[in-house]
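Letter by letter, the chains look like this.
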Amino acid sequence: MKNLVKTLALSTAISLVASTTATIAAAQSLVIKSQKVVTNTGAGQIENGVLVIEDGRITSIDQNRDATGDKVIEGATLWVTPGLFAPFSTLGLSEVSAERNSNNIGAADKEATVRIRAADSFNPKSVSVAESRIGGVIHAAVAPDSKHNIFGGLGMIVTTSGEFSSTVDASAFIFIDYSGGSDITGESKGAAMAFLRDALADAATYGSRYDGPNDGDALTRADANALRMVLSGRWPLVISADQAVDMLNIIDLKKTNPRLEIIIVGAAEGWMVAEQLAKENVGVMVDPLENLPYSFDSLGSRLDNAKLLLDAGVNTAIITRSATGGTAHNLRLAPQHAGNAVAAGLSWEQAFKAITLTPATMFGYSNLGQLETGQKANLVIWNGDPLEITSAVVAVIIDGKTQSTQSRQTKLRDRYNPTNEGDKMYGYR
Amino acid sequence: MIKTSTAYTIIAASALALFGFSYFQSNNNEDAADAVEAFPSTYVPRESRQTLITNAHILDGIGGEFETGNLLIVDGKISQVGDFKAELTEGTTVIDAKGAWVTPGVIDVHSHLGVYATPGVRAHSDGNDATSPITAEVYAEHGVWPQDPGFAEAIAGGVTTLHVLPGSANLFGGRGITLRNIPSRTVQGMKFPDAPYTLKMACGENPKRVYGQRGGPASRMGNFAHYRKNWIKAQGYKDKLDKGEITEGKRDLQLETLAGVLSGEILVQMHCYRADEMAQVLDMGKEFGYKVSSFHHAVEAYKIPDLLKEADTCAAMWSDWWGFKMESYDGIRENIPFVHAGGACALIHSDSADNIQRLNQEIAKAWAHGNRAGLEISKADAWKWISSNPAKAIGVSDTTGSLEAGKRADVVIWSGDPFSTYTKANKVYMDGMLMFDRATGLKPMSDFKLGQPGSGE
C-alpha cells in the first residue's frame with residue numbers, strides 16, 4: 001500500500017510538470033522554485049533555491065519564494081542543475097552501430113587521419129541526440145574514432161538541441177586511440193609510440209619540413225598542420241589508454257612537448273599512477289563501473305579508481321564507456337555511473353561535477369557546467385536527486401530555450417502504452 | 001559416475017529423464033538404475049548456521065512485502081518469513097537488519113560468464129561454436145571457465161544463480177546451463193542440481209550475418225527454413241526414441257537436444273528482438289508442439305504482451321539497451337513494465353559481466369520509467385523481474401527465486417532500498433551459507449586475480 005501511494009504521488013508530480021513544460025517555451029520569463037539548485041560555483045548548492053530566467057538568461061539564483069514571472073515551475077522535489085556534459089562520445093556520428101552505412105565514426109581506408117573532423121559528420125537529427133537530451137545530457141564532446149592509424153581526428157563540442165546550429169566548437173581537441181590503435185600501427189605499443197612521437201615532430205617542424213605533401217616521417221602535410229594546435233596547448237590531446245605504464249609513457253611526451261594538454265580517456269589503471277598524473281596535470285576520463293580485467297591492459301580495474309584519482313588530486317571526469325551504447329546511444333546513463341561512483345566513495349559533489357563542470361572545463365567551457373547569473377540558461381530540471389536511478393528529467397533548457405522532451409522512443413512508448421485507451425486502429429495511433 | 005540409488009532418479013527427474021537416461025531406460029529396463037549421467041552436478045551446499053535476520057524490509061520475490069519482518073534460515077532453507085516470533089536454538093546467528101532490505105538472491109537468466117571470460121582474449125572466446133548454424137549438440141558448460149573473475153563480482157551484486165548460454169551466432173546454439181554462483185575448481189561443482197537443460201536459439205540478424213557468406217542462412221527466410229527442417233528431423237528422432245529404436249552407439253547428440261525440447265524436458269531460450277519475429281516463432285512452436293520458455297533481449301516485447309501472455313512465454317529484457325543494431329532500434333525504457341502490465345512474464349537479464357553486478361539498478365530504472373508512464377507497479381512486484389520470473393524461465397522456481405518456506409536460502413541483505421543507486425549488497429547467502437560480506441571483506445577471488453594489480457581490493 002505504501003508503494004502505491006508513493007507511485008501515485010510520483011506520477012501526479014510528473015503530469016503537473018509535463019503540462020507546464022509545453023507552455024514555457026513562449027514565456028519571456030521563467031521562475032523555477034525548487035528543492036535544490038546545484039550551481040557548481042562557489043555558491044554551492046542552494047536549498048529551496050529559486051532560479052529566474054529572463055529572455056534566456058539567468059537573472060537570479062536565490063531563495064526568494066515570492067519571485068514571479070510569466071511562467072512558474074514549482075515542485076517540492078525539483079532539482080535544478082547544469083546540464084550533463086558527455087566528456088567523450090561519438091554522438092551524432094552513428095545511427096545504428098552495426099550498420100556501416102549509417103555511421104561515420106571512423107574512416108577505414110583513408111590516408112586522412114588527424115584532419116578528419118567530427119564536425120563534418122555530426123548529425124544533430126540523429127535519434128541518439130534527442131534521447132541524450134531528454135536524459136539530461138545537453139553538451140557532448142564528439143570525436144571520430146581511429147581506423148587507419150592511432151589518430152581519430154578532430155573532435156568537437158555540441159549541444160543536444162537537435163538544431164543545425166548546435167555546434168559549440170567545431171575544433172576542440174584531437175583524439176588518439178593509443179591502446180586500440182596499436183593493432184593498426186604494427187600491433188605494438190612501441191610502434192604506436194614511435195609513430196606518435198614522429199607525428200608530433202612532424203607538427204613541430206611543420207614550417208621547415210614540408211616541401212611536398214608527403215615529406216613527414218609519420219604524417220602528410222595536411223595532417224601535420226592539423227596537429228600543430230595541440231603543440232601549443234590550444235587543443236587538448238585526448239588519448240585513450242588503460243595500462244599504467246602506457247600512461248607514464250604518454251605523460252613522458254610532455255618532456256619534449258611541454259605545452260601539451262593531455263587528457264587520458266579510459267585510465268582503468270589510473271589509480272596506480274595517480275601521483276604522476278596529478279603532478280603533470282594530466283586529466284582523466286574514467287568509467288566508475290569498470291572493475292573487471294577486461295583485457296591485459298586493464299588487469300588493475302577497480303570500482304574506486306575515480307576516488308583514488310580524485311584523492312590524489314587528478315582532474316577526473318566520468319564516462320559511460322562500459323555501458324552498451326555508452327559512447328552514443330546511452331550517454332543518458334551518466335547519472336547512474338556517477339551515482340555508483342558515490343557508492344564507491346566519491347562525494348556527491350565530486351561525482352556530479354565529473355559529469356558536468358569537470359569535462360566542460362577540460363575543453364575550456366566551464367560556463368557550460370555552472371549556473372551563474374548573467375549566463376545564457378543551460379540547465380536541467382529533475383524530479384529529484386539526478387544521480388538516483390529512479391529520478392528523471394522534467395525539463396531541459398539549452399542556450400536559453402526550453403527544449404522538447406519528446407523523442408522517437410517517447411513516441412513509441414506513447415503508442416504502446418497499456419494505459420492508452422484510444423480505440424484507433426493500429427498504425428493510426 | 002554411476003548412479004545406483006532410486007532416490008536419485010526421482011530427484012533428478014527433470015534434468016535426466018530424457019537423454020542419456022531415458023534412452024537407456026527404454027532399452028535396458030533391467031539396468032536402468034545403472035545409467036550414467038553425463039557431467040553430473042557435484043554441488044553440495046556446505047552445512048550452514050541457523051540464521052535469523054530481524055527488522056528487515058523484506059521483498060519476498062513473489063510480490064509480497066513486509067516493511068518490518070524477520071527471516072529464519074534453518075539447514076540452508078528458508079524456514080519462516082514475515083512477522084513471527086522465532087524460537088531461537090542455541091548457536092543461531094541473529095542479524096539485526098534495521099534499515100536494510102532483504103530479498104531473494106538475484107537470478108540472471110542470460111550470462112556469458114565463463115564462456116566469454118575476462119580478460120577478453122581469443123583464448124577465452126568459448127561461447128559460440130560458429131562452425132555451423134546448427135550446433136544443438138554443444139553444451140555451454142563445456143566452455144565455462146570457472147576462474148572467470150566475473151563470477152565473484154556477480155556475487156557482490158547479489159547474484160546467487162545464473163544461467164550461462166551459448167552465444168547467438170547459430171540458429172540452434174547449444175545447451176545452456178544453470179549454475180550456482182559458487183567458487184569451484186570445476187563446472188560440475190557449480191551446476192545447479194536438477195535444473196533442466198535449456199536450448200539456446202537465435203532469431204534475426206546474427207545467424208544470417210555470420211553464415212550469409214558461408215552457406216546460409218543468409219536471410220530471415222533462411223533462418224526459419226533451417227529451424228523447421230531440423231524440427232522435422234527431431235520429430236523423426238523422437239519417434240524412434242519413443243519406440244526404443246535408438247540403441248547404444250546410435251545416439252545423435254544434435255537431435256537428442258532437439259527431441260528433448262519436443263518432449264518438454266529442455267527449455268527453449270531464444271534470442272529474438274523483433275515483435276513480428278517472436279510472433280512467428282510462437283507459431284512455429286505450435287507447428288512442432290513445443291513451447292518457448294523465454295525470449296531473450298526481446299527489445300520489442302512491449303509490442304506483443306498479449307501474444308506472450310497467451311503462449312505463457314517469458315520475455316527476458318534489458319532496461320535500456322538500444323540502437324546497436326537494426327533490430328534493437330525500437331528499444332524503449334518502458335519495455336519491461338509494459339510487458340508486465342500486459343500480464344505476461346517479464347524479467348531482466350544482464351548479457352553482461354558489468355550489468356550482472358547491478359541488476360537491482362536495472363529493474364529500478366525500468367520500474368521508475370513504467371510508473372512515470374502511468375503504471376502503478378509496486379517495488380515488490382518489480383522484484384519478480386529479478387527473482388521468481390527468471391526462476392520460472394529456467395525451470396528452477398521449485399527451489400529458488402522467492403523467500404518462501406522450504407526454498408533454498410538464497411538471500412541478499414542490502415544496505416538500504418535496492419531501488420537506489422547508492423545501495424549495495426552487504427551480505428549474500430547461498431543455501432544459507434554466507435558467501436559475501438562487505439563488512440568483513442568476505443569475497444571469493446579467482447585464481448586468475450591472484451598476484452595481479454589491485455587484487456587486494
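Residues numbered from 1 in each chain as written. Chains lettered and ligands numbered in written order. Predicted model: local features only at pLDDT ≥ 70, side-chain atom pairs only at ≥ 80, totals over all residues.

Observations concerning the overall build of chain A
What counts here: Strands are runs of DSSP state E lasting at least 2 residues, helices are runs of H or I lasting at least 4, and numbering of each runs from the N terminus. Counting other C-beta atoms within 10 Å of each residue's C-beta, where C-beta atoms are placed from the backbone, gives the exposure class: buried for 20 or more, exposed for 12 or fewer, partly exposed between. Here, residue contact means that the backbone-derived C-beta atoms of the two residues sit within 7 Å.
Scanning chain A for helices and strands turns up 13 helices and 18 strands. Principal-axis analysis of the C-alpha atoms places the extent of chain A at approximately 65 × 50 × 40 Å. Classification of the 429 residues of chain A by burial places 55% in the buried group. Sequence separation of at least 24 residues holds for 66% of the intrachain contacts in chain A that already meet a minimum separation of 6.

Re the overall build of chain B
If you tally the helices and strands in chain B, you get 13 helices and 16 strands. Looking at chain B residue by residue over its 457 residues, the buried ones come to 56%. At a minimum sequence separation of 6, the contacts of chain B that also span at least 24 residues come to 70%.

Remarks on the domain arrangement of chain A
Residues and elements named next belong to chain A. Definition in use: Where each domain starts and ends comes from a domain assignment, either automatic or drawn from a database.
If you check the domain split of chain A, you get domain 1 (2–82 + 374–416) and domain 2 (88–369). Taking only C-alpha atoms into account, the centre of domain 1 sits 31 Å from that of domain 2. Residue assignment for the side of domain 1 that touches domain 2 shows that the elements contributing at least two residues are β17 (393–398) and α13 (408–416).

Focus: the environment of Leu 59 of chain B
Structurally, the position occupied by Leu 59 of chain B is in strand β1 (residues 51–59). Distance in space between the C-alpha atoms of Leu 59 of chain B and Pro 104 of chain B is 7.6 Å, their sequence separation being 45 residues.

Quick word on the sheet that holds strand β18 (residues 401–402) of chain A
All names here are of chain A. We count it as follows: Think of it this way: DSSP has to see at least two bridges between two strands before they count as a pair.
Pairing in this open sheet of 6 strands is mixed, and the strands run β3-β2-β7-β16-β17-β18 from one edge to the other. Each end of this open sheet is capped by a strand with a single partner; those strands are β3 (45–47) and β18. In this structure, strand β7 (residues 79–82) lies alongside strand β16 (residues 379–382), joined through 4 bridges in antiparallel fashion. Across the sheet, residue Thr 81 finds its bridge partner in β16, namely Val 380.

Concerning the environment of Ala 382 of chain B
All names here are of chain B. Mapping Ala 382 onto the fold places it in helix α12 (residues 379–382). The exposure class of Ala 382 is buried, given the 26 C-beta atoms found within 10 Å. A sequence separation of 160 residues divides Ala 382 from Gly 222, and the C-alpha atoms of the two residues are 38 Å apart.

Topic: the interface of chain B and chain A
Contacts between chain B and chain A engage 48 residues on the former and 47 residues on the latter. Mapped onto the side of chain B that touches chain A, the elements with two or more residues apiece are α4 (150–156), α10 (335–341), α11 (359–372) and α12 of chain B. For the side of chain B that touches chain A, the element with the highest residue contribution is α11 of chain B, accounting for 6 residues.

What about the sheet that holds strand β7 (residues 159–164) of chain B?
Residues and elements named next belong to chain B. The test is simple: The angle between two axes is taken between their N-to-C directions and runs from 0 to 180 degrees, where each axis is a line fitted to C-alpha atoms and a helix contributes only its stretch in contact.
Here 8 strands make up an open sheet; going across it, the order is β6-β7-β8-β9-β10-β11-β12-β13 and the pairing mixed. Where the open sheet ends on each side, the last strands, each with one partner, are β6 (106–111) and β13 (346–348). The sheet shows a mean angle of 25° between the axes of neighbouring strands, taken without regard to direction. Taken together, the 4 bridges between β7 and strand β8 (residues 172–180) define a ladder with antiparallel strand orientation. Residue pairing for β8: Leu 162 is matched across the bridge by Leu 179.

As for helix α7 (residues 253–262) of chain B
Residue and element names in this part refer to chain B. For α7, a buried count of 8 out of 10 residues is recorded, marking the element as mostly surrounded by other parts of the structure. Those residues of α7 that sit buried are Gln 254, Leu 255, Glu 256, Thr 257, Leu 258, Ala 259, Gly 260 and Val 261. Tucked into the core, α7 has its buried residues touching β8, β9 (198–202), α6 (220–242) and β10 (267–272). Within two residues after α7, Gly 264 carries a phi angle of roughly 85°, on the positive side.

Quick notes on unusual backbone geometry
The omega torsion of the bond from Thr 118 of chain B to Pro 119 of chain B falls at -5°, within 30 degrees of zero and hence cis. Relative to the helices and strands, Pro 119 of chain B is located in the loop between β6 and α4. For the bond from Gly 216 of chain B to Pro 217 of chain B, the omega torsion is 10°, close enough to zero to count as cis. If you trace the backbone, Pro 217 of chain B turns up in the loop between α5 (205–211) and α6. Phi angles above zero are rare outside glycine, and Ala 267 of chain A is one such case at about 50°. Its location among the elements puts Ala 267 of chain A in the loop between β13 (262–266) and α8 (274–279). A tally of 33 C-beta atoms within 10 Å means that Ala 267 of chain A is categorised as buried. A positive phi angle is found at Ala 298 of chain B, which is not glycine, with a value near 40°. For Ala 298 of chain B, the location among the structural elements is in the loop between β11 (292–297) and α9 (305–311).

Details of the pairing of strand β16 (residues 433–437) of chain B
All names here are of chain B. Here strand β15 (residues 425–430) pairs with β16 via 4 bridges, running antiparallel. By the bridge assignment, Lys 427 is partnered in β16 with Asp 437. Count of turn residues in the β15/β16 antiparallel hairpin: 2 residues, of which Asp 431 carries a positive phi of about 50°.

A few points about the confidence of the model for chain B
Residues and elements named next belong to chain B. Applicable threshold: The predictor attaches a confidence to each residue, called pLDDT, with possible values from 0 through 100.
For chain B, per-residue confidence averages 92 on the pLDDT scale, and 92% of positions sit at 70 or higher. A low-confidence stretch, residues 1–34 (pLDDT under 50), is modelled with 45 contacts involving residues beyond four sequence positions or located in other chains. Per the prediction output, this complex has pTM 0.93; the corresponding ipTM is 0.93.

Quick word on the nonpolar core
Here is the rule we go by: Linking buried Ala, Val, Leu, Ile, Met, Phe, Trp, Tyr and Cys residues through C-beta atoms within 7 Å yields a set, and such a set is a nonpolar core.
Counting 251 residues, the largest nonpolar core has Ile 174, Ile 264 and Ile 318 of chain A together with Leu 71, Val 102 and Ala 315 of chain B as its most contacted members. Two domains each put at least three residues into this core: domain 1 (2–82 + 374–416) and domain 2 (88–369) of chain A. Beyond its immediate sequence surroundings of up to four residues, Leu 71 of chain B is in contact with Ile 53, Ala 56, Ile 58, Ile 78, Val 81, Val 102, Leu 403 and Val 411 of chain B.

Quick notes on the confidence of the model for chain A
As a note on interpretation, predicted positions should not be read in detail where pLDDT is low. Considering every residue of chain A, the mean pLDDT works out to 91; 91% of them sit at 70 or more. Confidence drops under a pLDDT of 50 for residues 1–26 of chain A, and excluding neighbours within four residues, the segment shows 31 contacts in the predicted structure.

A look at the packing of helix α4 (residues 189–204) of chain A against helix α6 (residues 221–231) of chain A
All names here are of chain A. What counts, and what does not: Oblique is the label for any angle not under 35 degrees, not over 145, and not in the 65 to 115 range, which are roughly parallel, roughly antiparallel and roughly perpendicular in turn. Here the term charged refers only to Asp, Glu, Lys and Arg, the term nonpolar to Ala, Val, Leu, Ile, Met, Phe, Trp, Tyr, Cys and Pro, and the term polar to all other amino acids, Gly among them.
Direction vectors running N to C along α4 and α6 enclose 90°, while the axes themselves pass 8 Å from each other. One way to sum up the angle between α4 and α6 is to call them roughly perpendicular. Together, Ala 199, Leu 200, Asp 202, Ala 203 and Ala 204 of α4 and Ala 224, Leu 227, Arg 228 and Leu 231 of α6 make up the contact between the two elements. When the residues that make up the contact of α4 with α6 are grouped by side-chain class, the tally is 7 nonpolar, no polar and 2 charged.

Remarks on the packing of α6 of chain B against α7 of chain B
All names here are of chain B. Between α6 and α7, whose axes approach to 8 Å, the crossing angle comes to 85°. One finds that α6 runs roughly perpendicular with respect to α7. Here Asn 230, Trp 231, Lys 233, Ala 234, Gln 235, Tyr 237, Lys 238 and Leu 241 of α6 lie close against α7, whose contacting residues are Leu 255, Leu 258, Ala 259 and Leu 262. Split into classes, the residues belonging to the contact of α6 with α7 amount to 8 nonpolar, 2 polar and 2 charged.

Some details on the pairing of β16 of chain A
All names here are of chain A. Across the two faces of β16 the burial is the same, with Leu 379 and Ile 381 and Val 380 and Trp 382 all buried. Of the strand pairs in this sheet, β16 and β17 are connected by 4 bridges, and their pairing is antiparallel. If you follow Val 380 over to β17, its bridge partner there is Val 396.

With respect to α4 of chain A
Because the α-helix completes a turn every 3.6 residues, residues three or four places apart line up on one side. All names here are of chain A. Test applied: Take the residue count of a helix, subtract one, and multiply by 1.5 Å to get its expected span. As used here, the arc is the angular range of directions from the helix axis to the C-beta atoms.
The terminal C-alpha atoms of α4 lie 22 Å apart, and with 16 residues this matches the ideal 22 Å at 1.5 Å per residue to within 8%. If you check which residues of α4 are buried, you get Ala 192, Phe 195, Leu 196, Ala 199, Leu 200, Asp 202 and Ala 203. The buried side chains of α4 occupy one side of the element, clustering within an arc of 155° when seen end-on.

Notes on the environment of Met 270 of chain B
Residue and element names in this part refer to chain B. Relative to the assigned elements, Met 270 resides in strand β10. In this structure, the C-alpha to C-alpha distance between Met 270 and Cys 203, residues 67 residues apart in sequence, is 7.2 Å. If near-sequence neighbours (up to four positions away) are discounted, Met 270 is found in contact with Met 201, Cys 203, Val 281, Val 292, Phe 295 and His 296.

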